[in-house]
Amino acid sequence: GLVNLIDEGSAVHVEESRTFYAAKQAAGGQQGPTNHEELKEARSSLPTGPADSRTVERIARAGKGQVPVRVTSPSSGGSRATYLDIHGGGLYMDSATRSDPRNTRLADGLGVTVVSVEYRLAPEHPWPAAPDDCETAALWLVEEGRKAFGTERMLIGGASAGATLATTTLLRLRDRDLVHPILGAVLQFGAYDLSGQSPGGRLYADEWFI
């Protein structure tokens, strides 16, 4: 079961990685911000997005919710589907803007319209602010995708915290019986059990990021 979900080529590096970070911490290396001032400093040190980005800012609205999104259309013109991209960052770092270069490559390479969610970050906006914003963006695409982008076909994905939020969004769409437009999900190294109670969750329950 769970063993078959882990690529053997990657699994051999797990202990090496944990040893490296344990030594780094023992030597005084900081793994992440420990207070709000350090968090603000860490955020301000992140590189900004490119000034020449062709990405367009829009506001996604569904029900009573609204959230900023960044839309990157394929240079070829027509769009085969929309890809709802949810950035990572542990729910407290990063931004959709910094994904512009990658999303431009995705849009052009796959012929899809990439819609990246600028969801609210913790601790200023505690859970469930982030999944609420991602749900709003997804519902907007379900309701307005054909009118806005010429297609009802959708993909959803993200990396790390983005994959966690993508899964949460898929579950919310399922509960609304709205998964029919979803063609697939691209989930990269997400944490899908934050309680640490499942077999998979126990594997990373003591990791510092959790």
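### Considerations on the overall build of the chain
Looking only at helices and strands, the chain features seven helices and six strands. The N-to-C order of helical and strand elements in the chain reads α-α-α-β-β-β-α-β-α-β-α-β-α. What you see for the chain is a C-alpha radius of gyration of 18 Å, in line with the 17 Å of a compact globule of 210 residues. For the C-alpha atoms alone, the extent of the chain along its principal axes is close to 55 × 40 × 35 Å. Across the 210 residues of the chain, 38% fall into the buried class. Of all intrachain contacts in the chain linking residues separated by at least 6 positions in sequence, the fraction that spans at least 24 positions is 73%. Summed over its atoms, the accessible surface of the chain is roughly 12100 Å², and 54% of this surface lies on carbon and sulfur atoms.

### Some points on the pattern of salt bridges
Close approach of charged atoms allows side chains of opposite charge to pair. In the structure shown here, the tally under the stated rule is 14 salt bridges. When the shortest N-O distance is used, the salt bridge between R102 and D85 registers 2.7 Å. Here R102 is found in helix α4 (residues 100-110), whereas its partner D85 is found in strand β3 (residues 82-86), with 17 residues between them in sequence. Residue R102 is classed as partly exposed on the basis of its relative accessible area, which comes to 31%. Notably, a salt bridge pairs E135 with R176, separated by 2.9 Å at the nearest N-O pair. Note that E135 is positioned in helix α5 (residues 129-149) and R176 in the loop between α6 (161-175) and β6 (182-188), a separation of 41 residues in sequence. Judged by relative accessible area, which is 13%, E135 ranks as buried.

### Quick look at the packing of α5 against α6
The interhelical angle for the contact between α5 and α6, taken along N-to-C directions, is 60°, at an axis separation of 9 Å. Viewed along their axes, α5 and α6 adopt a mutual orientation that is oblique. Where α5 crosses over α6, the two elements pack in a sense that is right-handed. Here A130, P131, D132, C134, E135, A138 and L139 of α5 lie close against α6, whose contacting residues are L165, T168, T169, R172 and L173. When grouped by side-chain class, the residues that make up the contact of α5 with α6 number seven nonpolar, two polar and three charged.

### Quick word on the sheet that holds strand β1 (residues 56-62)
The strand order across the open sheet formed by six strands is β1-β2-β4-β3-β5-β6, and the pairing between neighbours is mixed. Of all the strands in the sheet, the pair left with one neighbour each is β1 and β6. On average, each strand axis in the sheet is inclined to that of its neighbour by 25°, with strand direction left out of account. On the sheet, α5 packs against β1, β2 (65-72), β3, β4 (113-117) and β5 (154-159) and is oriented at approximately 105° with respect to β1. Sitting on the sheet, α6 is in contact with β3, β5 and β6, with an inclination near 145° to β5.

Conventions we followed
Residues numbered from 1 in each chain as written. Predicted model: local features only at pLDDT ≥ 70, side-chain atom pairs only at ≥ 80, totals over all residues. Heavy atoms only, no water. Helix = DSSP H or I, 4+ residues; strand = E, 2+ residues; numbered from the N terminus. Rg over C-alpha atoms; globule rule 2.2 N^0.38 Å. Buried < 20%, exposed > 50% of the residue type's maximum accessible area, 1.4 Å probe, protein only. Contact = heavy atoms within 4.5 Å. Areas by Shrake-Rupley, 256 points an atom, 1.4 Å probe, with all protein chains shown as cover. Salt bridge = Lys/Arg side-chain N within 4 Å of Asp/Glu carboxyl O. Axes fitted to C-alpha atoms, helices over the stretch in contact; angles between N-to-C directions. Parallel < 35°, antiparallel > 145°, perpendicular 65-115°, else oblique. Left-handed = near helix turned anticlockwise from the far one by under 90°. Nonpolar A, V, L, I, M, F, W, Y, C, P; charged D, E, K, R; others polar. Pairing = 2+ DSSP bridges.

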